[in-house]
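# Notes for the structure review
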Amino acid sequence: MSGKIKIVTIIGARPQIIKASAISRAIRNNFKDKISEIILHTGQHYDENMSAVFFNEMQIPIPDYNLNVGSGTHGYQTAEMIKGIEIVLIKEKPDFIVLYGDTNSTLAGAVAASKLNIKIVHIEAGLRSFNKSMPEEINRILCDHCSTLLFSPTKTGFNNLVNEGFSTNNNAPFTADNPKIYHCGDIMLDNTLYFSKTAAQHCKILENTNVTSGSYALVTIHRDLNTDNPERLTSIFSAILGIANTKNINIVLPLHPRTAKILKENLSSVVYNRLKENSGIKIIEAVSYLDMIELEKHSALILTDSGGVQKEAYFLNKPCIILRPQTEWVELTTHGSSILADADESKILQAAETLLSKKFNDFPALFGYGNAAEFICNEILLNN
Ligand code: UD1
Ligand code: UDP
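Scope of this entry: the structure provided in the associated data block. Just so it is clear, the structure is predicted and the values come from calculations on it, not from any experiment.

### Describing the overall build of the protein
The secondary structure content of the protein amounts to 17 helices and 13 strands. Taking 384 residues into account, the globule formula puts the C-alpha radius of gyration at 21 Å, and the protein, at 21 Å, falls close to it. Out of the 384 residues belonging to the protein, those deemed buried represent 59%. Look at the contacts in the protein between residues 6 or more apart in sequence, and 73% of them connect residues 24 or more apart. Here the protein has roughly 15,900 Å² of accessible surface; of this, 50% comes from carbon and sulfur atoms. Positive and negative side-chain charges in the protein, numbering 36 and 40 respectively, have mean positions lying 2 Å apart.

The following block contains the structure:
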């Protein structure tokens, strides 16, 4: 026996790989004698630029296990993950399982661990869109309600947990029936701060994409709500064309594979052809994390339906149009530098008009100070 606490970390989708790098780094730097980490990759994301690229550039340890589950329906994908995670948990007998965010990999980890009475640490707990037609909303709620240590990045997330009945007065020892909730800041900020300088030193993405600093809007789209609905997708892309033409700026759009596969099929042929013909619209493959940070940092405006990208816009003091009907990150819209425009062409154009003509100077530390991973590791140690 090493006397160390053993954790099994579950990753699967791109943002989880990115988030997990902050905890792995904290363990490597400050807790290597106290915490041993086993990493399990479900294989939910598997393309080189959706998975492997992050391990290399963010110094994430190679996963100890890869279930290679791949794509499929929600039921198939989640069930295959539960089966594989259960086998590993029985073999490894960890003290804790660490789960990130709200994907099917998160839900699978929560189900497998709770049936084995393994304590769950949920990082990014408490976030709610209050829209249960989003698969992620179901995953978040179910995971939170069987977790033992719940780390919320925002005060709003913490308050959501309190409103759902989580007590702020529980005392150790903590269990799934007597959980502990924390407001601790956002580990994504840990990463943005940590990698920003490296990105500036090494990335050539602006040159490679043939754009200059401040001359483009950065766009990401991958939510099923948008990609799988031809009307919404066409409306968003019509707005993007409108911004490119009326604001005289380039558009850089690193495409998620989900969107890449469905773009031609779900866009109206008129909009698809106009996109293809417009040399100012640069549709590229999904990029690495360092390239993404660099693209965000030099953009004039960000348009996204991503949870992570809307926060990174704020971290890097950029205005952002959120291409969804609601957001879990309500602080962003309250601050004013982000506007919810859903998939409504005229709202998106109006938001671009508003945000490009304003200067936002004050970005209070709504997401902490970039030390959330250290805090989380300390609490895991204290509560074993
Ligand atoms: C998933 C998460 C979503 C998260 C997103 C991050 C769920 C329910 N959704 O959505 O919350 O915001 O990841 O990016 O867990 N594909 C590839 N190569 C890959 C991965 C996916 O081609 O490496 C394609 C496949 O056609 C697949 C589709 O993308 O069917 C969707 O992938 P999936 O992981 O099911 O959902 P995401 O939309 O990526
Ligand atoms: N990201 C990236 N390359 C891209 C697009 C996004 O590295 O081409 C990063 C982005 O910087 C953020 C994370 O992926 O850290 C967000 O993941 P995603 O948008 O896939 O999922 P979400 O946050 O919506 O769950």
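Continuing now.
### Things to note about the sheet that holds strand β8 (residues 216-220)
Strand pairing in a sheet is mediated by backbone hydrogen bonds. Such pairs are either parallel or antiparallel. Taken together, six strands build an open sheet; the order of strands is β10-β9-β8-β11-β12-β13 and the sheet is parallel. Among the strands making up the open sheet, the edge pair consists of β10 (281-285) and β13 (338-340). Ignoring which end each strand starts from, the neighbouring axes of this sheet average 20° apart. Note: strand β11 (residues 301-304) against strand β12 (residues 320-322), three bridges, orientation parallel. Its bridge partner being in β12, isoleucine 302 is matched across the sheet by cysteine 320. Helix α14 (residues 307-315) rests against β8, β11 and β12 of the sheet, and its axis sits at about 165° to β11.

### A look at the site of ligand 1
Around ligand 1, the structure places 20 residues, and the nearest of them are His45, Asn104, Glu136, Arg258 and Lys261. Between ligand 1 and aspartate 47, the relevant distance is 2.9 Å, taken from an oxygen atom to a main-chain nitrogen or oxygen of the residue. Note that an oxygen atom of ligand 1 is positioned 2.4 Å from one of the side-chain N or O atoms of lysine 261. For ligand 1, whose free accessible area comes to 750 Å², the fraction covered by protein is 89%. In terms of residues, the shell around ligand 1 owes the most to one element, helix α11 (residues 257-266), which gives three residues.

### Overview of the site of ligand 2
Around ligand 2 lies a shell of 19 residues, among which Arg223, Val287, Ser306, Gly308 and Glu312 are the nearest. With respect to ligand 2, the side chain of arginine 14 contributes an N or O atom lying 2.9 Å from an oxygen atom. Glycine 307 is positioned such that a nitrogen or oxygen atom in its backbone is 2.8 Å from an oxygen atom of ligand 2. When isolated, ligand 2 has an accessible area of 540 Å², and the protein chains bury 95% of it. The greatest single-element share of the shell around ligand 2, amounting to four residues, is contributed by α14. Grouping the amino acids of the shell around ligand 2 by side-chain chemistry returns ten nonpolar, five polar and four charged.

### Some points on the side chain of serine 196
Note that serine 196 resides in helix α7 (residues 187-202). Other than its neighbours up to four places away in sequence, serine 196 contacts Ile293 and Lys297.

### A few points about the layout of surface pockets
Considered as a void within the structure, the second largest pocket measures approximately 200 Å³ in volume. As for the second largest pocket, its lining consists of Ser299, Ala300, Asn317, Lys318, Pro319, Leu355, Leu356, Lys358, Lys359, Phe360 and Phe363.

### Let's talk about the pattern of salt bridges
Pairing between side chains of opposite charge can happen when the charged atoms of each approach one another. This model, assessed by the stated rule, comprises 16 salt bridges. Linking aspartate 144 and arginine 128 is a salt bridge whose minimum nitrogen-to-oxygen distance equals 2.9 Å. On the criterion of sequence distance, the pair formed by aspartate 144 in helix α5 (residues 135-144) and arginine 128 in the loop between β5 (119-123) and α5 is long-range, its members being 16 residues apart. Arginine 128 carries the same exposure label as aspartate 144, and that label is buried.

### A closer look at the state of the cysteines
What we call a disulfide is simply a covalent bond connecting the sulfur atoms of a pair of cysteines. Throughout the structure, instances matching the rule amount to zero disulfides. In this model cysteine 377 remains outside any disulfide bridge; the closest cysteine sulfur is found in cysteine 184, 11 Å from its own.

### A word on helix α1 (residues 14-31)
Here α1 spans 25 Å end to end across 18 residues, near enough to the 26 Å set by a 1.5 Å rise per residue. For α1, the tally of buried residues reaches 13 of 18 residues, placing the bulk of the element in the interior.

### Let's talk about the packing of aromatic side chains
On inspection of all chains with the given rule, the structure shows nine aromatic pairs. Relative to tyrosine 182, the ring of phenylalanine 151 lies with its centre 4.4 Å away and its plane at 10°, an arrangement referred to as stacked. One end of the pair, phenylalanine 151, is in strand β6 (residues 149-152); the other, tyrosine 182, is in strand β7 (residues 180-183), and 31 residues separate them in sequence. A relative accessible area of 5% means that tyrosine 182 is categorised as buried. Taken together, Tyr314, Phe315, Trp329, Phe363 and Phe367 form an aromatic cluster joined through their ring pairs. Here the guanidinium or amino end of lysine 180 rests over the ring plane of tyrosine 182, the centre of that ring lying 5.4 Å away.

### Looking at helix α3 (residues 74-92)
The terminal C-alpha atoms of α3 lie 26 Å apart, and with 19 residues this matches the ideal 27 Å at 1.5 Å per residue to within 8%. Among the residues making up α3, those that are buried are Gln77, Thr78, Met81, Gly84, Ile85, Val88, Leu89 and Glu92. In an axial view of α3, the angular spread of the buried residues amounts to 140°, which keeps them on one side of the axis. Away from its buried face by more than 90 degrees, α3 exposes Ile87 and Lys91. Contacts from the buried residues of α3 go to β1 (5-11), β2 (35-41), β3 (65-66), β4 (96-100) and α4 (104-115). Just downstream of α3 lies lysine 93, where phi reads positive at about 45°.

Rules used in this analysis
Residues numbered from 1 in each chain as written. Chains lettered and ligands numbered in written order. Predicted model: local features only at pLDDT ≥ 70, side-chain atom pairs only at ≥ 80, totals over all residues. Heavy atoms only, no water. Helix = DSSP H or I, 4+ residues; strand = E, 2+ residues; numbered from the N terminus. Rg over C-alpha atoms; globule rule 2.2 N^0.38 Å. Buried < 20%, exposed > 50% of the residue type's maximum accessible area, 1.4 Å probe, protein only. Contact = heavy atoms within 4.5 Å. Areas by Shrake-Rupley, 256 points an atom, 1.4 Å probe, with all protein chains shown as cover. Lys, Arg positive; Asp, Glu negative; His and termini not counted. Charge placed at Lys NZ, Arg CZ, Asp CG, Glu CD. Pairing = 2+ DSSP bridges. Axes fitted to C-alpha atoms, helices over the stretch in contact; angles between N-to-C directions. Near = heavy atom within 4 Å. Polar contact = N/O pair within 3.5 Å; in protein donor to acceptor, adjacent residues only side chain to side chain. Nonpolar A, V, L, I, M, F, W, Y, C, P; charged D, E, K, R; others polar. 1 Å grid on protein atoms, 1.4 Å probe; cavity = no way out; pocket = protein on both sides within 12 Å on 5 of 7 lines; lining within 4 Å. Points joined across faces, edges and corners; volume = space filled by probe spheres on them. Salt bridge = Lys/Arg side-chain N within 4 Å of Asp/Glu carboxyl O. Disulfide = S-S within 2.5 Å. Expected span 1.5 Å × (residues − 1). Phe/Tyr/Trp six-rings, centres within 6.5 Å; stacked < 30°, edge-to-face > 60°. Lys NZ or Arg CZ within 6 Å of the ring centre and 35° of its normal. Arc of directions from axis to C-beta.

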